[in-house]
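Examination of the molecular architecture
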Amino acid sequence: MVTYLIRRLIGAVIMLLIVSMATFAIFFLVPQIAGATPEGMASRYVGRTASAEDAKIAADRLGFNDPLVVQYGRFIKGIVAGAEFDYGPGVEQCPPPCLGYSFITRQPVWPDLLDRLPVTLSLAVGAAVLWLIIGLSTGVISALRRGSVFDRAAMTLALAGVSLPIFFTGLISLLVFSYGNPFAVFAQGGHYTPITENPGEWAYNLILPWITLAFLFAAQYARLTRAGMLETMGEDYIRTARAKGLIERTVVVKHGMRGALTPIVTIFGLDFGLLVGGAVLTESTYSLPGLGKYAIDAITNNDLPKVMGVTLLSAFFVVFANLIVDLLYAVVDPRVRLS
Amino acid sequence: MTAPVDVSGKAEQASPDGAGRKAVQGRSLTQIAWGRLKRDYVALAGAVVVLLLIFIAIFAPLIVNLWGQDPLQFNQDQIDSGTLMPKGDYGGISSDHLFGLEPLNGRDLFSRVVYGARISLLIAFLATILSVVIGTVLGMIAGFFGGWVDTLISRAMDVFLAFPLLVFAIAIAGIIPDQAFGLTGDTLRVALLVFIIGFFNWPYIGRIVRGQTLSLREREFVDAARSLGARTPYIIFRELLPNLMAPILVYSTLLIPSNILFEAALSFLGVGVRPPTPTWGGMLSDAVRFYTAPHFAVFPGLAIFVTVLAFNLFGDGLRDAFDPRSRR
């Protein structure tokens, strides 16, 4: 188990390194490939009104002329130990973890991210609870009663669910339940109250996004669970369990579901990590001030360091979620530890 | 003199030998799959809708000529200057404007939805082709050669699958200037989106191809070909690839709807193909501001839904037809 743990940890660190390289490449290499000069990139930092001379000096001082390896090293050092941006007229401090420094707002990105994280986290946790309960139970029941009316209805609904983009269902839900006259019962988008301030209002503002997001994922999970259950219930060890005279309930819950649901744990870890790293579409649809909305607003304002911050943070969440899932998996399924 | 030999064909057909041959006549996998698919009416309906949508996308200018207006033309005379809404009832739906008018600018919604199919399908198809090419090549290399090559490619696939895709895609799509790689305007955006969507999705195909190659590699017909002196390229292209066509076909059909959703999401977020070129996602993003005009959200949204659903139905049917184990 210890060897397994260490191997997984090393894997996660390597993954973080690769992701940091990819992020670095997107924000420093891709613009150059697309034709941006070091001066052009530095001008983002000193402002568009700066003279060409100033931009040149800034490019030098910010190190845009250094070899890529040196630039990448500085980028990593910034994340671990903090960074200083000396752009000529002044020096900006960016304490660790420096995931970016916005030269438009003259603020490090990290405190902003910490501000936005609770919103995204609230959205993700609430929706995850809903979709796990609905998706898994629907999938299991559908598989056990294959071909029944329930199965057909649930699978039709699930197919519709995976074919509907969230920004459409979200918009319709707002039209009907927030702005539509007869049923305007839920909060209109754009509001968020911290749970510490008023739990009731917190839930009231999030209930519509929760349901919409959960519907999408519940549809996927119902399909996955049903397929997994059908496969597992056809296995030999299920027949063995029945032959031993176990009651059906034990066969389904202890033998069937355990086998069918373990792969879903992996998928859930990934999905949840991705969601915490920015539920971009849901947050834009409902104007929730979370990480995803932060990134999208930053793209619109061409405030790239903010986007970089979200990218790094979301990559971290995905890697972290993967690690947790791997460890959980090893606990649930002993075969994993041996291979 | 022995018994007379009957040389007429009739007798030979009637002989037990001939009848036996007819009974065990071999059917290829494709024939079997087609036989199953023919009986799956839901999948066939999906296929018909898919064909119809491709037809609409190709002949968009013709269709718009017949039943719509120029998708870029403003009709501000039909917009109420106070509310910014179309003057007529139900968003201005009339025989001139089948889906009504866009609020604010008054562009014809029907034409924009029809033209939106072009961008959507074009990007989804090209991105799928890109994914399939990368995924098949790398998947086959990994599965066939094994060893450290396999380890490297498999790890790369894990890395790609664990990437925060949407955020990365937004970052790349947002960072590229309006002029790059010698391309501008819609061409650049389409090429960019195809690259982003296609490049990030190849591991889905890659994994399946790798797994299939791994099991096919050990089969007798490969040994037979090798013992007859076939070289590696021959085995890869003439022995393995034909056997991989079915799974590749099935999973690329299932990749198209997810690519359509991906493109729509990027357009919705404002990093897709730029306005005024009509895209379904872009229209939905405009619709957010005009929540009093439901028709504005409903038509492009339904267009996405119908397209994705049709591809999903057809893809599911295709998978069931080729893989009897997954029968519903």
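Here the structure is a predicted model, which is why all the values come from computation and not from measurement.

**What to know about the overall build of chain A**
Helices and strands together make up the secondary structure of chain A, namely 14 helices and 4 strands. Expressed as a percentage of its 339 residues, the buried residues of chain A come to 49%. When the accessible area of chain A is evaluated, it comes to approximately 16,300 Å², of which 65% is carbon and sulfur surface.

**Points about the overall build of chain B**
Regarding its fold elements, chain B presents 13 helices and 2 strands. Taken across its 328 residues, chain B has 49% of its residues classed as buried. Across chain B, contacts joining residues at least 24 apart in sequence account for 74% of those joining residues at least 6 apart. Working note: accessible area of chain B is about 16,600 Å², and carbon and sulfur atoms make up 63% of it.

**Quick word on the interface of chain B and chain A**
In this assembly, 43 residues from chain B lie in contact with 42 residues from chain A. Each partner contributes to the roughly 3,500 Å² buried at the junction of chain B and chain A, and carbon and sulfur atoms together form 83% of this total. Here chain B is connected to chain A by 1 salt bridge. With its nearest N and O atoms 3.3 Å apart, the salt bridge here joins D316(B) to R223(A). Scanning the region where chain B abuts chain A turns up 2 residue pairs in polar contact (both at pLDDT 80 or more). Mapped by element, the contributors of at least two residues to the side of chain B that touches chain A are α7 (147-161), α8 (165-175), β1 (179-180), α11 (232-268), α12 (280-287) and α13 (294-322) of chain B. Broken down by element, the side of chain B that touches chain A gets its largest block of residues, 12 residues, from α13(B). Looking at the side of chain B that touches chain A residue by residue, the classes come out as 36 nonpolar, 4 polar and 3 charged.

**Some words on the pattern of salt bridges**
Counted under the stated rule, the structure contains 12 salt bridges over all chains. The salt bridge partner of D303(A) is K306(A), with a shortest N-O separation of 3.3 Å. Among the salt bridges present, the one from R210(B) reaches D150(B), with a minimum N-O distance of 2.6 Å. Of this pair, R210(B) sits in helix α9 (residues 185-217) while D150(B) sits in helix α7, and the two are 60 residues apart along the sequence. Of the residues examined, D150(B) reaches a relative accessible area of 12% and is grouped as buried. Salt bridges here are not isolated pairs; linked through shared partners, they connect R223(A), D316(B) and R319(B).

**Some words on the nonpolar core**
Counting residues in each nonpolar core, the largest one holds 142 residues, and the members touching the most others are F27(A), W131(A) and F167(A). The element that contributes the greatest number of residues to this core is helix α13 (residues 304-332) of chain A, accounting for 11 residues. Core analysis: the next-biggest nonpolar cluster, separate from the first, contains 15 residues, F144(B), L244(B), I248(B) and L255(B) among them.

**With respect to helix α6 (residues 149-163) of chain A**
Since the α-helix advances by 3.6 residues per turn, residues separated by three or four positions end up pointing in the same direction. If you check α6(A), its first and last C-alpha atoms are 21 Å apart, about what 15 residues at 1.5 Å a residue would give, namely 21 Å. Within the sequence span of α6(A), burial applies to D151(A), A154(A), M155(A), A158(A), L159(A), A160(A), G161(A), V162(A) and S163(A). Summarising the contacts, the buried residues of α6(A) are in contact with α5 (109-144) and α8 (199-233) of chain A together with α11 and α13 of chain B.

**Structural notes on the domain arrangement of chain A**
Residues and elements named next belong to chain A. According to the domain assignment, chain A contains domain 1 (2-98) and domain 2 (111-338). Counting from both sides, the interface comprises 16 residues of domain 1 and, opposite them, 15 residues of domain 2. With both chains or domains summed, domain 1 and domain 2 bury close to 1,400 Å², and 81% of this area falls on carbon and sulfur atoms. Remark: the boundary between domain 1 and domain 2 carries 1 salt bridge.

**A closer look at the packing of α12(B) against α13(B)**
Residue and element names in this part refer to chain B. As a packed pair, α12 and α13 sit with axes 8 Å apart at the nearest point and diverge in direction by 150°. Of the two possible hands of crossing, α12 and α13 adopt the one that is left-handed. The residues of α13 that touch α12, namely those facing W280, G281, M283, L284, D286 and A287, are F296, A297, P300, G301, A303, I304 and T307. Among the residues forming the contact of α12 with α13, the class breakdown is 9 nonpolar, 3 polar and 1 charged.

**Quick notes on unusual backbone geometry**
Trans peptide bonds make up the majority, and among non-glycine residues the majority have a negative phi. Residue and element names in this part refer to chain A. Within the chain, S287 stands out as a residue other than glycine whose phi angle is a positive 50°. Here S287 lies in the loop between α11 (280-286) and α12 (291-300). Classification of S287 as partly exposed rests on a relative accessible area of 33%.

**A short note on α8(A)**
Look at α8(A): only 42 Å from first C-alpha to last across 35 residues, short of the 51 Å you get at 1.5 Å a residue. Along α8(A), the sharpest change in direction is near 45° and occurs at L206(A); proline P209(A) comes one to four residues later.

**What about the environment of V49(B)?**
All names here are of chain B. Looking at the secondary structure, you find V49 in helix α4 (residues 41-58). Exposure remark for V49: the relative accessible area of 28% places this residue in the partly exposed category. In this view, V49 contacts V306 and A310; residues no more than four positions away in its chain are not counted.

Reading guide: rules and limits
- Residues numbered from 1 in each chain as written.
- Chains lettered and ligands numbered in written order.
- Predicted model: local features only at pLDDT ≥ 70, side-chain atom pairs only at ≥ 80, totals over all residues.
- Heavy atoms only, no water.
- Helix = DSSP H or I, 4+ residues; strand = E, 2+ residues; numbered from the N terminus.
- Buried < 20%, exposed > 50% of the residue type's maximum accessible area, 1.4 Å probe, protein only.
- Areas by Shrake-Rupley, 256 points an atom, 1.4 Å probe, with all protein chains shown as cover.
- Contact = heavy atoms within 4.5 Å.
- Buried area = accessible area lost by both parts, 1.4 Å probe.
- Salt bridge = Lys/Arg side-chain N within 4 Å of Asp/Glu carboxyl O.
- Polar contact = N/O pair within 3.5 Å; in protein donor to acceptor, adjacent residues only side chain to side chain.
- Nonpolar A, V, L, I, M, F, W, Y, C, P; charged D, E, K, R; others polar.
- Core = buried A, V, L, I, M, F, W, Y, C linked by side-chain atoms within 4.5 Å.
- Expected span 1.5 Å × (residues − 1).
- Domains from an automatic or database assignment.
- Axes fitted to C-alpha atoms, helices over the stretch in contact; angles between N-to-C directions.
- Left-handed = near helix turned anticlockwise from the far one by under 90°.
- Bend = angle between axes of the 7 residues up to and from the residue.

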